[in-house]
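Report on the structure
In case you want the letters, here they are:
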Amino acid sequence: MAAHRCGFLPPLFILCALSVLTVTWTQETIPLGSHRAAAADSKPTDTKSVAQTTEQLAVEQRQWEATEVEEATSAAAAVSKQDNSSPEDVVQTSTPKPKDEFQEELVVRPLHSGDIYASFQFRTLWQTDFTRERKVSHYGLFPKSLGQVISKFSVRELHISFTQGYWRTMQWGQPFLSSPPGAELWVWFQDTVTDVDGTWKELANVLSGIFCASLNFIDSTNTVQPTASFKPLGIGNVTDHRFLRYATLPREIVCTENLTPWKKLLPCGTKAGLAVLLKSEKLFHSSFYSQAVHIRPVCQDWQCKTASWELRQTLNVVFDLHNSGQGKREWSLFKMFSRTLTEACPLASTSKIYIDVTDNPEGEQFELSPATALLSQAVVLGDRRTFSVYDLTQQITFGTVRSLNVLMRWKSSEGDMLRPLLHAERYVAGYGLQTGEIHTLMYNNHPYRSFPVLLLDSVPWYLRMYIHTLTVTSKGKDNKPSYIHYQPSKDRVRPHLLEMLVQLPPNSVTEVTVEFERALLKWTEYTPDPNHGFYVGSSVISSLVPSLVALDTNSTWQRPLFSTFFPCKEESSYFVRVYTEPLLVNLPTPDFSMPYNVICLTCTVVAVGYGSLYNLLTRTFQIEEPSPGLAKRP
Amino acid sequence: MGLLSDPNRRRALINLLTRLNAPICGMPVDWLVKTMQARGLEVFTQSFSRTLPFPDENKERYMVKGTNVYGILRAPRAPRTEALVLSASCSPGDENNQAVGLLLGLAQYFRNQIYFAKDLIFLVNEHDLIGMQAWLEGYHHTNTTGMDWTPLHGRGGSIQAALSLELNSHVVTSLDLVLEGLNGQLPNLDLANLFYAFCQKLSVLCTIEGKLQRNDWDSVSGYSQAVQTMMLMVMKQASGRPWGDHGLFLRYHIEAATIKGINSFRQDKTDATTIGRLLEGMYRKLNNLLERLHQSYFFYLMPSLSNFVSIGYYMPAFGLLAVILLLRALDLWVQLVTPPPRNEERVNDIAQSCPGVLSILIPLVISHLTGVALYMLPVRFQEMAVEHFPVSETEAVVLTAIAVYTAGLALPHNTHRYSSEGTEQGWRVLKLVAVLYLAVLLGCTALINFSLGFILALTLVPVAAFVTPHVPKVLSAFALVFLSPACTLLFSVFFYQELQEMPVSFQDGWILYLSVISQGILDHYLYGSLVYPLIALLVYPCWLLFWNILFWK
């Protein structure tokens with residue numbers, strides 16, 4: 001166990017406390033307790049020395065530590081890859097390989113609007129094969145309920161998210177992981193599955209039970225098979241979209257009953273670690289709440305000889321300055337979650353809190369207490385960010401009071417946010433209950449680069465889209481999409497699917513409009529609240545957006561000259577998925593009130609009664625002579 | 001409800017109100033944007049411009065340019081699908097400044113509340129209805145009236161309900177609810193009920209059509225007041241114009257009403273805090289709605305704020321009037337198909353006098369062409385009129401309209417020259433057509449705008465029923481002119497002033513009449529009101545047919 005822990009210590013920590021590490025390297029076979037003790041022993045001297053250093057030294061140190069460690073979305077993956085390729089691997093192979101592993105982290109980012117964004121990520125890795133072994137019955141950290149789902153339904157990749165609220169890209173920037181309002185589910189099945197639709201339906205029902213959500217409303221009328229927008233995120237090269245299913249339920253209301261089963265999937269539950277903070281009374285007193293589960297196969301090592309399963313649970317929440325913060329720009333863990341941290345999850349190999357301090361390099365914007373010497377840099381969504389790091393596996397993090405309550409107190413509220421390079425909005429135009437027009441606006445705020453985006457629109461059948469009215473315009477000119485995939489709807493069977501690849505010119509707004517006609521439903525097809533309207537799910541815009549870092553030719557970052565001439569590939573663009581708001585559309589609705597019903601019933605009775613009476617009165621009855629049989633005919 | 005119970009908040013509001021008391025030249029767009037942003041709203045602006053077809057002398061505007069400012073309070077954890085609107089128009093001078101102050105105060109208060117499930121849009125519109133029209137067209141991306149506006153960049157999904165505020169002073173004695181919208185559309189009755197319920201709860205005096213409710217229903221004076229209130233509503237609805245900023249929302253199926261603060265000489269005053277509490281209550285109720293307001297009536301008349309007359313009661317009255325026309329039509333039909341008493345010499349006559357299609361078609365076409373002229377000429381020829389006569393553009397339009405209208409009366413003598421078959425059967429067929437035409441026309445009008453249909457029916461049905469070529473010409477001609485649409489409008493103006501308890505002399509009444517005509521034409525061009533084209537293109541030609549019958553030879 002100790003060896004396993006040592007082996008997976010992330011490099012930034014290695015760089016920071018070299019002395020501590022040397023101790024642990026040499027003592028890798030000693031039991032866990034003594035390792036902790038050793039760490040605790042050596043750490044105070046370290047921090048003391050840090051405290052004694054001057055500010056200049058701190059700056060210098062910061063530059064020393066400025067190594068790119070991870071990208072938040074695939075943060076842990078990068079860590080594990082680097083770990084595996086690092087020299088310690090040799091040491092590790094001598095001990096039995098760990099079967100499963102758990103990591104947790106919390107990223108806190110202050111937003112320019114004064115709100116605060118907290119993003120939890122929990123990652124469970126398990127080196128097993130659900131498909132090959134007939135029955136996987138011994139579960140460690142990986143939740144059994146999901147493991148059984150994977151093996152029973154031959155799932156290759158599963159992504160499910162529950163979101164309450166809409167991510168305000170223009171105020172908050174890009175989220176680490178975006179999700180549409182309501183519930184979203186997309187699944188890649190193994191190519192061994194023969195009846196994909198049947199399996200999909202069954203899977204949705206099972207997940208509905210697991211997550212206590214109305215996923216059972218997923219059926220053929222809201223399921224689509226995108227051809228280009230949703231590619232597998234894990235390993236594997238099967239991209240035949242016959243094995244992909246995508247569905248959203250924009251009306252799904254997410255609340256505590258969805259959070260509780262989600263928390264139960266964590267190895268420590270809510271007993272220890274970061275999950276202690278997940279209290280529903282605070283999480284649902286926020287501007288935005290989103291929880292997600294992503295399951296995918298990932299490489300075990302850089303050679304990718306063996307695959308392991310990754311379960312990534314994410315939870316994003318934005319607390320409002322005015323509602324949760326009482327208008328004061330002062331945030332602490334306690335104020336956000338009404339809890340403080342006392343320990344890491346004992347089962348976790350890493351447990352960290354990252355605070356985004358990019359806009360606060362010299363501490364002039366806000367002060368952070370307790371101060372931490374650990375800094376980390378990462379390129380997140382095309383932007384180089386600096387984070388202060390609190391490592392919860394170190395006792396020293398909790399200080400003398402044995403509890404950690406990170407506090408940020410603002411000194412000034414200045415600062416401008418960079419406009420997000422890509423954002424989108426959507427609305428229904430027109431009035432009346434017969435026709436309408438869906439407008440999707442995509443903004444490219446990049447000053448001089450154009451980039452292509454993939455737009456996915458899934459519209460229910462009761463909006464009859466007139467695809468011949470589809471227009472794409474940017475800067476007043478017609479913008480011809482280079483790829484269009486359109487699958488027309490079938491009434492009561494399947495929705496419209498429209499996918500297209502559009503090039504967004506620099507600094508422009510691209511408008512996609514389609515006219516539609518509102519269908520008159522059968523009276524049993526109306527919801528119990530027909531006057532509320534009918535939902536149309538969010539459009540999905542997937543794009544590789546040119547990175548801001550790559551543009552930054554006048555970089556002040558002290559990097560080796562040989563690395564700065566050509567913009568390197570991983571930084572030159574980054575993947576973003578943007579969801580538009582869902583639409584609420586009113587359909588022509590009959591009056592379902594009592595008088596209407598009375599009129600309908602009376603008319604029916606009168607019609608039936610009158611009809612039969614009239615029939616009886618006007619018909620002439622005749623006795624028909626039985627015709628002679630065929631045999632007697634001459 | 002704790003609105004403004006906090007002294008700090010109250011002070012902030014009072015500061016705001018006193019600040020707005022200072023006269024403002026144009027709309028302080030930058031200040032509004034900054035103030036709204038400071039209150040934590042997402043703020044957007046929309047600029048618009050519109051050149052009126054001819055100068056509006058009532059509001060002294062011709063080339064209108066303005067900016068709407070609106071701030072969206074995003075509801076926590078809401079997916080931007082539903083929104084509520086609170087609007088106040090801001091105009092030069094201190095006409096409506098208290099409303100803007102209250103709107104900003106409410107925005108600040110609402111921002112700190114957690115219970116909102118729908119986005120709230122706080123809209124400050126310039127140039128009252130024109131700004132509102134621009135904003136609504138921008139929001140729904142339609143363009144029905146040819147206005148120029150810049151597209152909106154922030155939306156809150158489908159708007160469920162809207163309220164407009166009109167406050168001129170920081171204290172009011174009563175609040176007046178205005179319901180009548182464009183083309184006589186009314187919001188759902190539940191919106192009125194909601195307002196009434198909260199006025200009762202906060203013991204604020206509330207009125208409709210500016211008339212207080214009386215408790216003595218059974219007394220004559222109480223009854224006559226209720227009738228007056230209802231007649232006022234009928235008159236306002238019949239005019240087809242939006243009587244407040246809310247009026248344009250109704251086209252988009254958004255339930256909306258205007259709340260107007262009235263400051264009279266009464267002793268009991270209500271302060272802005274109470275109005276704020278009232279609005280807070282209304283918005284919380286609207287916020288809790290799961291569906292659009294649809295449970296109550298959309299067609300009603302209100303004799304007082306707590307009583308209403310539903311469509312089931314008033315429609316039979318109109319139905320009885322329409323039946324007269326149908327019976328008359330039946331009578332004419334029977335007369336036409338029944339062969340006259342067999343006389344040898346008359347047989348030839350009948351064979352000859354079987355009226356051709358032409359004899360009916362010509363009057364129909366000519367009267368409709370007159371209607372088209374009445375619709376097109378006034379605005380088209382205003383420049384020419386201004387050049388040749390010493391009148392302003394507005395006067396030119398109105399006087400041209402009256403001239404065309406009067407000229408139409410001279411037509412019947414002309415039509416017969418071409419149709420030599422001016423016989424007994426001929427006028428019967430024409431009258432049959434005209435009567436059926438009128439019945440269909442009034443029926444359709446009454447379904448859309450009951451009051452307009454009813455007033456037209458009251459005046460046109462007697463004429464249609466009695467007119468034949470055989471009645472005394474001079475007397476009948478006088479009656480026919482007396483009951484023509486234009487004279488109806490003139491009497492309506494006087495009647496309305498009488499109901500408002502502001503009687504006018506004939507001179508003032510005539511000036512008012514001219515301005516009403518110009519306003520009606522402007523309403524059509526600016527907001528798409530249908531009354532002017534309805535009168536010009538359909539009702540007036542139909543009336544001309546009867547005029548034609550009277551002078552049948």
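From a predicted model like this one, the values you see are computed outputs, not experimental measurements.

Quick word on the overall build of chain B
The helix and strand tally for chain B stands at 19 helices and 14 strands. Within chain B, the proportion of its 553 residues that are buried is 58%. Partitioning the intrachain contacts of chain B with sequence separation of at least 6 by distance along the chain shows that 80% fall at a separation of at least 24. Here chain B displays about 23500 Å² of accessible surface, and carbon together with sulfur accounts for 62% of that area.

Observations concerning the nonpolar core
Grouped together as the largest cluster of nonpolar side chains are 172 residues, with contacts concentrated most on F122(B), W135(B) and F195(B). Take this core: its biggest share by element is 14 residues, from helix 19 (residues 531-550) of chain B. Mapping this core onto the domain boundaries places at least three of its residues in each of domain 1 (7-305) and domain 2 (312-337 + 357-551) of chain B. If we skip the residues at most four places from it in the chain, F195(B) touches L175(B), L177(B), C206(B), I259(B), L278(B), M282(B) and L305(B). Counting 89 residues, the second-largest nonpolar core is a separate cluster that includes L215(A), I218(A), L277(A) and L311(A).

As for the domain arrangement of chain A
All names here are of chain A. Per the domain assignment, the segments making up chain A are domain 1 (90-410) and domain 2 (422-547). Across the domain 1/domain 2 interface, buried area totals approximately 1700 Å², and carbon plus sulfur atoms make up 57% of it. The largest contributions to the domain 1 side of the interface with domain 2 come from T221, S229 and R251, which together make up 31% of the buried area. Inspection of the domain 1/domain 2 interface yields one salt bridge. Between D529 and R251 there is a salt bridge, and its shortest N-O distance comes to 2.6 Å. Summed over the shared surface of domain 1 and domain 2, the result is eight residue pairs in polar contact (both at pLDDT 80 or more). Counting only elements with at least two residues in the side of domain 1 that touches domain 2, the list comes to helix 9 (169-172), strand 5 (223-224) and strand 6 (244-249). Grouping the constituent residues of the side of domain 1 that touches domain 2 by class yields ten nonpolar, eleven polar and one charged.

Concerning the UniProt feature "transmembrane region" (unreviewed entry) in chain B
Residue and element names in this part refer to chain B. The feature "transmembrane region" (unreviewed entry), as given by UniProt, occupies residues 311-330, 350-375, 396-414, 434-467, 474-496 and 530-552 in the numbering adopted here. Split by type, residues 311-330 is 100% helix and 0% strand. Its first and last C-alpha atoms lie 27 Å apart. Taken end to end, residues 530-552 has its terminal C-alpha atoms 32 Å apart, with 87% of it in helix and 0% in strand.

Topic: the domain arrangement of chain B
All names here are of chain B. In terms of domain boundaries, chain B breaks down into domain 1 (7-305) and domain 2 (312-337 + 357-551). The distance between the C-alpha centroids of domain 1 and domain 2 comes to 36 Å. Here domain 1 meets domain 2 over a buried area of about 3000 Å², counting both sides, of which 61% is carbon and sulfur. For domain 1, the biggest contributors to the area lost against domain 2 are F54, N183 and M235; these three give 23% of the whole. One can count two salt bridges joining domain 1 with domain 2. One salt bridge connects E501 with K211, and the closest N-O pair in it is separated by 3.2 Å. One can count 15 residue pairs in polar contact (both at pLDDT 80 or more) joining domain 1 with domain 2.

Regarding the UniProt feature "transmembrane region" (unreviewed entry) in chain A
Residues annotated in UniProt with the feature "transmembrane region" (unreviewed entry) correspond here to residues 596-617 of chain A. Taken end to end, residues 596-617 of chain A comprises 100% helix and 0% strand; its first and last C-alpha atoms sit 31 Å apart.

Structural notes on the sheet that holds strand 18 (residues 463-474) of chain A
Residues and elements named next belong to chain A. Read across the sheet, five strands follow the order 15-16-22-18-19 without closing on themselves; strand pairing throughout is antiparallel. Each edge of the sheet is formed by a strand with only one pairing partner; in this case those strands are strand 15 (422-429) and strand 19 (477-478). Of the pairings in the sheet, the one linking strand 16 (residues 435-444) to strand 22 (residues 508-518) comprises ten bridges and is antiparallel in character. Paired with I438 across the strands is V514, a residue of strand 22.

Topic: the confidence of the model for chain B
Detail in the predicted coordinates should be disregarded across regions flagged by low pLDDT. Residues and elements named next belong to chain B. The pLDDT averaged across chain B works out to 86; a share of 90% of its residues lies at or above 70. Every residue in residues 21-25 is under pLDDT 50, and counting partners more than four places away or in other chains gives five contacts. In this model, residues 346-353 is a region of pLDDT below 50 whose contacts with residues beyond four sequence positions or in other chains number three contacts. Taken together, the chains of this predicted complex give a pTM of 0.85 and an interface ipTM of 0.86.

A closer look at the sheet that holds strand 6 (residues 158-166) of chain B
Residues and elements named next belong to chain B. Read from one edge to the other, the open sheet built from ten strands follows the order 5-1-2-4-3-6-11-8-9-10, with strand pairing classed as mixed. The sheet is open, and its two borders are formed by strand 5 (148-149) and strand 10 (211-212), each paired with just one other strand. Sheet topology places strand 8 (residues 174-178) next to strand 9 (residues 206-208); three bridges connect them, and they run parallel. Among the inter-strand pairings, L177 is bridged to a residue of strand 9, identified as I208. Along the sheet, helix 18 (residues 506-527) contacts strand 1 (42-56) and strand 2 (61-73); its crossing angle with strand 1, the most-contacted strand, is approximately 135°.

Notes on the state of the cysteines
Where two cysteines share a covalent bond between their sulfur atoms, that bond is called a disulfide. Residues and elements named next belong to chain A. Within this structure, the stated rule accounts for one disulfide over all chains. Residue pairing for C268: its cysteine sulfur links by disulfide to C345, the two sulfurs lying 1.7 Å apart. Taking the sign of the S-S torsion, about 65° here, the bridge from C268 to C345 comes out right-handed. In this pair, C268 is assigned in the loop between helix 11 (256-264) and helix 12 (280-283) and C345 in the loop between helix 13 (333-337) and strand 10 (350-356), connecting sequence segments 77 residues apart.

Remarks on the environment of G146(B)
All names here are of chain B. With respect to the secondary-structure elements, G146 resides in the loop between helix 4 (128-140) and strand 5. With a relative accessible area of 55%, G146 lands in the exposed category. A C-alpha to C-alpha distance of 9.9 Å links G146 and A134, two positions twelve residues apart in sequence.

Considering the environment of W309(A)
Residues and elements named next belong to chain A. Following the sequence through the fold, W309 ends up in strand 8 (residues 307-319). You can call W309 buried: its relative accessible area is 5%. Taking the C-alpha atoms as reference, W309 lies 42 Å from Y526; in sequence the two are 217 residues apart.

Considerations on the confidence of the model for chain A
When pLDDT is averaged along chain A, the result is 79; 78% of the residues meet or exceed 70. Predicted confidence for residues 1-96 of chain A stays below pLDDT 50, and this span has 107 contacts to residues more than four positions away or in other chains.

As for unusual backbone geometry
For the bond running from S369(A) to P370(A), omega is -5°, close enough to zero to count as cis. Tracing the backbone shows P370(A) in the loop between strand 11 (366-369) and strand 12 (375-380). Residues other than glycine seldom take positive phi values, yet D128(B) does so here, at roughly 25°. Among the secondary structure elements, D128(B) is positioned in helix 4. Here E501(B), not a glycine, exhibits a phi torsion of approximately 60°, which is positive. Relative to the assigned elements, E501(B) resides in the loop between helix 17 (485-499) and helix 18. On the basis of relative accessible area, E501(B) is assigned to the exposed category, the value being 56%.

Rules of the game
Sequence order as written defines the numbering, with residues in each chain counted from 1. Just so you know, chain letters begin at A and ligand numbers begin at 1, following the order they were written in. Reporting in this predicted model follows two pLDDT cut-offs: at least 70 for local features of residues, and 80 or more for side-chain atom pairs to be given and counted; totals over whole chains, interfaces and linings ignore these cut-offs and use all residues. Side-chain calculation: all heavy atoms of the structure are included, whereas hydrogens and water are not. Where helices and strands are cited, they refer to DSSP runs of H or I of at least four residues and of E of at least two residues respectively, numbered from the N terminus. When a residue's accessible area, from a 1.4 Å probe over protein chains only, is under 20% of the maximum for its type it is buried; when over 50% it is exposed; and in between it is partly exposed. When checking whether two residues touch, look at their non-hydrogen atoms; a contact exists if any pair is within 4.5 Å. The Shrake-Rupley method, run with a 1.4 Å probe, gives the accessible areas here. Residue values count only the displayed protein chains as cover. Joining through side-chain atoms within 4.5 Å is the link that ties buried Ala, Val, Leu, Ile, Met, Phe, Trp, Tyr and Cys residues into a set, and such a set is a nonpolar core. Throughout the structure description, domain borders are defined by an automatic or database domain assignment. Throughout, the accessible surface (probe 1.4 Å) given up by two parts as they are put together, summed over both, is called the buried area. Each salt bridge in this description consists of a side-chain nitrogen of Lys or Arg and a carboxyl oxygen of Asp or Glu lying within 4 Å of one another. We define a polar contact as two N or O atoms separated by no more than 3.5 Å, with the added condition that, inside protein, one atom must be a possible hydrogen donor and the other a possible acceptor, whereas residues neighbouring each other in sequence contribute only through side-chain atom pairs. Only Asp, Glu, Lys and Arg are considered charged, only Ala, Val, Leu, Ile, Met, Phe, Trp, Tyr, Cys and Pro nonpolar, and every remaining residue, Gly among them, polar. UniProt positions are given in the numbering used here, feature names are shortened, and annotations may be inferred rather than shown by experiment. Strands qualify as paired when DSSP identifies two bridges or more between them. Within a predicted model, pLDDT stands for the predictor's per-residue confidence, ranging from 0 to 100. Axis angles are defined between N-to-C directions and span 0 to 180 degrees, where every axis is a line fitted to C-alpha atoms and, for a helix, only to the segment in contact. For the purposes of this analysis, a disulfide is any pair of cysteine sulfur atoms at a distance within 2.5 Å.

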